[in-house]
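The chain contents come next:
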Amino acid sequence: MYTNRMPSTNRAALPSLDPERTLELVLEALGELIEYELAVVLGLDGDETLRVRMAAGPLRDERLDGFSISLAARRDLAGIIDSGEPRLFSPDEEHVDTYDEILDLPAGHSCLVAPLAIDGRALGILTLDHRSCGMFTPGVVRFIATISRLISLSLAKSDEAASLSSANADLVRERNALLAPGYEPIAGMIGSSDAWLRAVEAIRLVAGSDLPVLLRGETGTGKELAARALHRLSPRADKPFVALNCSALAPSLAESELFGHEKGAFTGAAGSRRGRFELADGGTLFLDEIGDLPPELQPKLLRALQEGSVERLGGERSIRVDARVVAATHVDLESAVAEGRFREDLYYRLNAFPILLPPLRERGGDAVLIAERFVGAIRARPGMSGLELGGDAIDAIESGAWPGNVRELSNAIERAAILARGGVIGAAHLAGGGLQRAGAYAAHAGGPGNREDANAGRSAAARRRPGPEGPGPRSFDDAKRDAIVDALERSGGRVYGSGGAAELLGMRPSTLQSAMKRLGITKNA
């Protein structure tokens, strides 16, 4: 028997549509059949409140988002819901406009209201408005009575999806509260210091929600690692994680990169292209270095966060997107706001849940744990099976300033593994790492006021550096001794307190005193 079956190679894959997107498409299609200027779907929120779920048309206003109507005050709308039949208000009939608090429609305009229900269960209403009189005929009313069933189905599915999403989020939060430190999504976030564990706990706490998160911390503290952990611990874990470095955006292409563009939007736009927001739909969008976002894009990002929709460059319609935004910065955004370089309203929108990632120098003992993890990863490579950290290397790592934080430590271990030829890494192999850059860190940590002292320290070190005809490189202990002596000279012999040698070197005072004792350094050295 012959069957008219399309070959599988010609079948177009159907996109997966969430209920909200289905509602949007139904209203768009309705606009091609019925000439309306405003179509609104309102869902029942409890028994006595209608709340806007979707709006479309030329008269759509941002103020409609989340707009609610009390049925106790609007008994006419309650009567339409109870009747189960659509109603077309006549031009000379006196009634309160459904959206009179937002829109100023002329007297006698066309207004149609249809109840939405499934199996006798009321779900809400559909309203159609046009500023002209007599736009909706009895035939339109009968058609709306039929099409409202499809809209009711989409609304019910949307409610069901929202309920399931809420239940899933509750389960995720309960799971995150029970996670052990070794659980895979957070296993890469190594550390046992109080400062680091506080950050990890904050990540576990907020991961189950959709709140925007602002990750703050110096360069190299692991902000992208934290963002990925937030994504993996969230209900969006099986959806895309899309990262964008705002400091790398070319001003001429920044809007296209973030929001996409249509064909012909600019010279060279040979086809349409989805932006990062669309690519992250359903998942997480990570905006790194948000402080460097071009000023002209900041209001557009704010609108995308507020409305949950974007407009492609050169496009004429809004595209709904559902992306959880995680932003990161190493700059002082409050100062940027005060100086007018960053929008205050965008700052407050992104800063809904801030998380501070501490620098390595404030994570006592974590540097060695992280270094051991790096060594373990390198050990799996060919020719590196015997790689390990020597005792003096461990001391050097623990006492180092590491102004570049985890990224600098990683580079130092990679370099040391090569110099050690896959054997035991000694302190000398780490030369050039965090400890020897303590003078540079002093300027970094102390701000402009300490730059003179840091430069003086570098000059003193330069005076002691052997010339081309002199001896070879000094030992690591000599470098450490010189750095400590320089710091003691600049601090007037003080170890503790503001401006003390420990602060200048980025070390704990107790660690500095242990190093001084081992190297035979006194405060009068």
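Heads up: the structure comes first, above all this text.
Residues numbered from 1 in each chain as written. Predicted model: local features only at pLDDT ≥ 70, side-chain atom pairs only at ≥ 80, totals over all residues. Heavy atoms only, no water.

Thoughts on the pattern of salt bridges
Summed over the entire model, instances satisfying the criterion amount to 23 salt bridges. A salt bridge links E48 to R75; the shortest N-O distance between them is 3.9 Å. Within this pair, whereas E48 is found in the loop between β1 (38-44) and β2 (49-56), its partner R75 is found in helix α2 (residues 75-83), the two being separated by 27 residues in sequence. Salt-bridge contacts for R312 lead to E262; the nearest nitrogen and oxygen are separated by 3.6 Å. Residue R312 is located in the loop between β12 (309-310) and β13 (319-320), and its partner E262 is located in the loop between β9 (260-261) and β10 (273-274); the two are separated by 50 residues in the primary sequence. For R312, a relative accessible area of 15% gives the class buried. A relative accessible area of 26% places E262 in the partly exposed class. (Salt bridge = Lys/Arg side-chain N within 4 Å of Asp/Glu carboxyl O. Helix = DSSP H or I, 4+ residues; strand = E, 2+ residues; numbered from the N terminus. Buried < 20%, exposed > 50% of the residue type's maximum accessible area, 1.4 Å probe, protein only.)

Some thoughts on α2
For α2, the set of buried residues is L77, A78, I80 and I81. With its buried residues spanning 155° around the axis, α2 presents them on a single face. Summarising the geometry of α2, the exposed residues directed more than 90 degrees from the buried face are R75 and D82. As for α2, its buried residues are in contact with β2, β3 (68-70), β4 (87-89), β5 (110-118) and β6 (121-130). (Arc of directions from axis to C-beta. Contact = heavy atoms within 4.5 Å.)

A short note on the sheet that holds β1
Sheet strands line up and pair through hydrogen bonds in the backbone, either parallel or antiparallel. Reading across the sheet, the six strands line up as β3-β2-β1-β6-β5-β4 and stay open at both edges, with antiparallel pairing between neighbours. Here the strands that pair on one side only, and so sit at the sheet edges, are β3 and β4. Mean inter-strand twist for the sheet, computed between neighbouring axes without regard to direction, equals 25°. Examined bridge by bridge, β1 and β6 share six bridges and lie antiparallel to one another. Within the sheet, the bridge partner assigned to A39 lies in β6 and is L128. (Pairing = 2+ DSSP bridges. Axes fitted to C-alpha atoms, helices over the stretch in contact; angles between N-to-C directions.)

Points about empty space enclosed by the protein
With the rule as written, the count across this model stands at five cavities of 30 Å³ or more. Its boundaries defined by the atoms lining it, the largest cavity holds a volume of some 160 Å³. If you list the elements that add at least two residues to the lining of the largest cavity, you get α12 (366-379) and α13 (391-399). Residues belonging to the lining of the largest cavity are distributed by class as follows: six nonpolar, six polar and five charged. (1 Å grid on protein atoms, 1.4 Å probe; cavity = no way out; pocket = protein on both sides within 12 Å on 5 of 7 lines; lining within 4 Å. Points joined across faces, edges and corners; volume = space filled by probe spheres on them. Nonpolar A, V, L, I, M, F, W, Y, C, P; charged D, E, K, R; others polar.)

Description of unusual backbone geometry
Positive phi is not limited to glycine here, since D119 has a value of about 50°. Tracing the chain through its elements places D119 in the loop between β5 and β6. A positive phi is found at R421, a non-glycine position, where the angle reads about 55°. Here R421 falls in the exposed class, since its relative accessible area comes to 75%.

A few points about the nonpolar core
Counting residues in hydrophobic clusters, the biggest one holds 32 residues, and the most contacted among them are F277, L287, I290 and F342. Among the elements that take part in this core, helix α9 (residues 298-307) stands out by supplying four residues, more than any other. Among all residues touching I290, those that are not within four sequence positions of it are L214, C246, L301, A327, A328, T329, L333, F342 and L350. Core analysis: the second largest hydrophobic core is formed by 25 residues, V368, A371, A396 and A427 among them. (Core = buried A, V, L, I, M, F, W, Y, C linked by side-chain atoms within 4.5 Å.)

Considerations on the environment of S83
Within the secondary structure layout, S83 lies in helix α2. In this structure S83 comes out as partly exposed when scored by relative accessible area, which is 46%. Sequence separation between S83 and P115 is 32 residues, and the spatial gap between their C-alpha atoms is 8.2 Å. Among the polar contacts listed, one links the side chain of S83 to the backbone oxygen of I80, at a separation of 2.8 Å. (Polar contact = N/O pair within 3.5 Å; in protein donor to acceptor, adjacent residues only side chain to side chain.)

What about the packing of α12 against helix α14 (residues 405-419)?
Running from N to C, α12 and α14 point in directions that differ by 45°, and their axes come no closer than 10 Å. Put simply, α12 runs oblique to α14. Note on packing geometry: the crossing formed by α12 with α14 is right-handed. Every residue of α14 that contacts α12 at A367, I370, A371, F374, V375 and I378 is listed here: V406, L409, S410, I413, E414 and A417. In terms of residue class, the contact of α12 with α14 is made up of 10 nonpolar, one polar and one charged. (Parallel < 35°, antiparallel > 145°, perpendicular 65-115°, else oblique. Left-handed = near helix turned anticlockwise from the far one by under 90°.)

Considering the packing of aromatic side chains
With the rule as written, the count across this model stands at four aromatic pairs. A centroid spacing of 6.2 Å and a plane angle of 25° characterise the contact between F241 and F286, whose relative ring orientation is stacked. Here F241 is found in strand β8 (residues 241-245), whereas its partner F286 is found in strand β11 (residues 284-288), with 45 residues between them in sequence. The buried category is assigned to F286, whose relative accessible area is 1%. Here F259 and F277 contribute two aromatic rings whose centre-to-centre distance is 5.8 Å and whose plane-to-plane angle is 10°, an arrangement assigned as stacked. Placement of the pair is F259 in helix α7 (residues 254-259) and F277 in helix α8 (residues 276-279), with a sequence separation of 18 residues. (Phe/Tyr/Trp six-rings, centres within 6.5 Å; stacked < 30°, edge-to-face > 60°.)

Comments concerning the sheet that holds strand β15 (residues 353-356)
Here five strands make up an open sheet; going across it, the order is β8-β11-β14-β7-β15 and the pairing parallel. A single partner strand is all that each edge strand has here, and the edge strands are β8 and β15. Sheet twist, expressed as the average angle between the axes of neighbouring strands with direction ignored, equals 20°. Against the sheet, helix α6 (residues 223-232) engages β7 (213-216), β8, β11 and β14 (324-329), with an angle of about 150° to β7.

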